[in-house]
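Below, each chain spelled out in residue letters.
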Amino acid sequence: MPRGLNANITAIVQQVLARREAYEASSGIVFAIDGDRVDLRISGSANVIRNVAVIGSASSLAVGQEVSLRWENGRPIALATSTSQAQTIVSTAGASSDVEVDDDTIEHSAFGLRIKAGSLQQWHLAFTPSVEGHTHKDSLERAGWQVDTDGAIFKNDTFIHADGQLSLGEGADVIKLDSTHPVYRIWAGALTPEASTFSVSKTGELYATAGQIAGWDIEADKLTKNNIDLDPSGQITVGTGDDIAVLSSIDLDDYAFWVGSATPATAPFRVKSTGEVWLENAHVATELESTNYASGIAGWKIDQSGWAEFNDVTIRGEIVASVFKTEEVSVIAGRQRITDGTTFAIDADSVDTMITLTDPVFEMHDLLYVVPSAGTKEWMQVTGEYTHTADGYEYPVMRAADGMTAHDIMAGTSIHSTGAATWPDPVPLFGEIQFGEELFGGGPYAALGGFLTLEGSRDYGPYFGVARRFGPHPYQIADVARFGLVRGFLGIGETEYGVAIGDANRHFIYTYNSGLEIQTDEGNLIINDNGLRVDRVTFTPRTVAPNYVDQTLIIWLDDSGNLMGRYKDGATETEATIQAFGGA
């Protein structure tokens, strides 16, 4: 190519580059800022280019500020850096002057300034270039964090595990947060959640051995607040000591609720899980009735006025009443005894030698009789004076006084006296004395007292009877009088009704069928349908003959000792000496 042509082409290229430099300027002036975009005025021109994108933060720019530009598809992009930063690179390799755009190392391009390929040298850089085997610490390493062989990042006692677990502290001071455990999400106090003192499951269940929740104190085995204990084993306790109420599902005696004692078996109010209820005192505001109550038909009812309705009643102890309704039929089956009696105030075991009764009706040496249950009986004897206690009247007794068997006796069971006796040692079994013959201390032994009997059974009654104690053995007691059916008493026939008093040797008997019989040690008198029979008659002398009426025979002894007789039949009067004993 001719030399001159070459010079023309070079001039043309330079003109193109200069024109390009004028149209795609490397910088511009901020004319306006609109959010993350700006309006620019190109340097040396009055034209404004609208809606220019910004690389960097548009909020860091100001109106009138010069900004560097890069061009893409004929549109400028503003760089939120100074012109000098865009056009120069400061070398730290000893050069103190700026490196200018020289088109040898740094050149302009459609994308802004760039380093020409193969032109960058080490002295242009502000850091030591990496060579093989050389590493740089990242920010975590510079802060002291380490990575173990399992991939956990740790520093001191803080561990970030790659499997999704965060651990702070160690031993009893550890707390863990776990995103993968099948049950728990957070726990504290142990390496495993099962052994920890605090844990929260992934379903939100909370476990803690101390602290507070909703005002409740958390203890190792329960929640407490103001003397209320919530035991997780199945028990709620309100109060302290014996001033408590307990709701329980764990008591070994099957008590479900009790009040007034820490021990359910002695609580004044207690309920078993079977529904059985014990209560020492009860107050009914209106009425108490059975579930099947129907007036005059079934069940029972008691109201607050004292009115009650029952179907059948069995009463072992006393009946005290101020009013009995007339035209009512009352039936008492079997035999009733009228004597000193009361009831057991508290239960008595078969080995107890102290019994507590509701009334102080017995005295020392009294022989007592009790029927604990159907088919059982027991004799006791009072061996000392009673003591008044909070439960009642406590008596010392000899159990099974007849030598047989002692029994357990429930509170409410009746007990009565059959008289009293005392004896020396050894006991003279069945040694008889007469009723009232000796008092205590007056002989080797003494016996007194007894009871009234009301017998209404089909086999033995009806009759009223009087029984007396005649010896110290419990069974030394016998009837001494009967009114009513007297069969079998004093050898009387099977169907006899009447009155019989005494014993086999001395008695007074009157029956409807057999008449009157009086027997003494000295003689007998019988008056019946056969007339009068007497085996001994004693007369007392009289100075004046007794009065007589018609058809009456009178026999007397006059003052001379003569046995006299007189009989009158209408107008006829006869008087004669039956036998002269000592007269003229």
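Our structure's up above, just so we're on the same page.
Analysis parameters
Residues numbered from 1 in each chain as written. Predicted model: local features only at pLDDT ≥ 70, side-chain atom pairs only at ≥ 80, totals over all residues. Heavy atoms only, no water. Pairing = 2+ DSSP bridges. Helix = DSSP H or I, 4+ residues; strand = E, 2+ residues; numbered from the N terminus. Phe/Tyr/Trp six-rings, centres within 6.5 Å; stacked < 30°, edge-to-face > 60°. Buried < 20%, exposed > 50% of the residue type's maximum accessible area, 1.4 Å probe, protein only. Lys NZ or Arg CZ within 6 Å of the ring centre and 35° of its normal. Lys, Arg positive; Asp, Glu negative; His and termini not counted. Salt bridge = Lys/Arg side-chain N within 4 Å of Asp/Glu carboxyl O. Polar contact = N/O pair within 3.5 Å; in protein donor to acceptor, adjacent residues only side chain to side chain. Contact = heavy atoms within 4.5 Å.

Participant: Help me understand the pairing of strand E10 (residues 158-161) in this model?
Facilitator: Here is the key point about a regular strand: its side chains alternate between the two faces of the sheet. In this sheet, E10 lies alongside strand E9 (residues 153-155) in antiparallel orientation, the contact comprising three bridges. Following the sheet pairing, Lys-155 is matched in E10 by Thr-158. Connecting E9 to the antiparallel partner E10 that follows it, the hairpin turn spans two residues, and Asn-156 within it adopts a positive phi of roughly 55°. Two elements, E10 and strand E11 (residues 165-168), share four bridges in a ladder whose sense is antiparallel. Within E11, the position partnered with Thr-158 by the bridge is Leu-168. Connecting the antiparallel pair E10 and E11 is a turn made up of three residues, with Gly-164 showing a positive phi of about 95°.

Participant: I keep staring at the packing of aromatic side chains and nothing clicks. Help me out?
Facilitator: The geometry of an aromatic ring pair comes down to the distance between the two centres and the angle between the two planes. In the structure shown here, the tally under the stated rule is nine aromatic pairs. Judged by centre distance (5.5 Å) and plane angle (50°), the rings of Tyr-386 and Tyr-395 are tilted. Given a relative accessible area of 1%, Tyr-395 falls into the buried group. Pairwise contacts between aromatic rings join Phe-362, Tyr-386, Tyr-393 and Tyr-395 into one cluster. Taking NZ or CZ as reference, Lys-272 lies 5.3 Å from the ring centre of Tyr-255, over its face. Positioned over the ring face of Tyr-369 is Arg-337, at 5.4 Å from the centre of the ring.

Participant: Help me understand the sheet that holds strand E25 (residues 287-289) in this model?
Facilitator: Backbone hydrogen bonds are what pair the strands of a sheet, in a parallel or an antiparallel way. The strand order E25-E26-E27 describes an open sheet built from three strands, whose pairing is antiparallel. The open sheet has two edge strands with one neighbour each: E25 and strand E27 (308-309). Pairing of strand E26 (residues 301-303) with E27 involves two bridges; the strand directions are antiparallel. What sits directly across from Lys-301, in E27, is Glu-309.

Participant: Can you walk me through the side chain of Glu-309 in this structure?
Facilitator: By the element assignment, Glu-309 lies in strand E27. It turns out Glu-309 is buried and unbridged, and the closest side chain with the opposite charge, Lys-301, is 7.3 Å from it. At 2.8 Å, the side chain of Glu-309 and the side chain of Tyr-293 are in polar contact. Ignoring anything within four residues of it in the chain, the contact list for Glu-309 reads Tyr-293, Ala-294, Ser-295, Gly-296, Ile-297, Gly-299, Trp-300 and Lys-301.

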